[in-house]
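This is what each chain is made of:
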Amino acid sequence: MTETNTPPGMELTLRTLAMPADANASGDIFGGWVMSQMDLAAAVRANERCNGRTVTVAANEIIFKQPVHVGDTLCVYTEVEKVGRTSIVIRLETWARRALSSQRDKVTEARFTMVAVDSDGRPRPVDGPAA
């Protein structure tokens, strides 16, 4: 995959740099840090689709394929996979552009279920008013 390629049907939703503070004692980036970046991307995509606030209710099928290293650029791609009455499923692929090179590797994939909520935090219809 080249720098300009996006996985089919997906959009680049978040891009960030893996820093030394995000690494474990072995020098790899913590899986929890990668998951948190994916959760941020899922929220961005779901909030846009639902025109309002959403909350994460499940992180499903998280598969770690390769490690992320300090200096890698993490690119999180998202796709709205399913829309229910109050929930939405976001499919995610995370790719690492390896530090100081043009090599890109798919490092993680998952599905996050998000629920649209009103200002009181109660579930609301995905296509309903955000207030």
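The structure displayed is predicted, hence computed values, not measured ones.

Novice: Whenever I open this one, the UniProt feature "domain: HotDog ACOT-type" (unreviewed entry) in the protein chain confuses me. Can you help?
Specialist: Summarizing the sequence annotation, UniProt attributes the feature "domain: HotDog ACOT-type" (unreviewed entry) to residues 8-120 in the numbering used throughout. Along residues 8-120 the backbone is 18% helical and 47% strand, and the end-to-end C-alpha distance reaches 37 Å.

Novice: Please clarify how the environment of A99 should be interpreted in this entry.
Specialist: Mapped onto the elements, A99 comes out in the loop between strand 4 (87-97) and strand 5 (104-116). Since its relative accessible area comes to 34%, A99 is described here as partly exposed. Sequence separation between A99 and L17 is 82 residues; the distance between their C-alpha atoms is 9.4 Å. Once residues lying within four places of it in the same chain are set aside, the contact partners of A99 are V70, G71 and D72.

Novice: Before we go on, may I ask you to explain the pattern of salt bridges in this structure?
Specialist: Opposite charge on two side chains permits them to pair, given that their charged atoms come into close proximity. For the coordinates displayed, the defined rule picks out 13 salt bridges. Notably, a salt bridge pairs R111 with E81, separated by 2.7 Å at the nearest N-O pair. Of this pair, R111 sits in strand 5 while E81 sits in strand 3 (residues 73-83), and the two are 30 residues apart along the sequence. Classification of R111 as partly exposed rests on a relative accessible area of 25%. The exposure class of E81 is partly exposed, given its relative accessible area of 38%. Linking E93 and K106 is a salt bridge whose minimum nitrogen-to-oxygen distance equals 3.4 Å.

Procedures and definitions
Residues numbered from 1 in each chain as written. Predicted model: local features only at pLDDT ≥ 70, side-chain atom pairs only at ≥ 80, totals over all residues. Heavy atoms only, no water. UniProt positions renumbered as here; feature names shortened; annotations may be inferred. Helix = DSSP H or I, 4+ residues; strand = E, 2+ residues; numbered from the N terminus. Buried < 20%, exposed > 50% of the residue type's maximum accessible area, 1.4 Å probe, protein only. Contact = heavy atoms within 4.5 Å. Salt bridge = Lys/Arg side-chain N within 4 Å of Asp/Glu carboxyl O.

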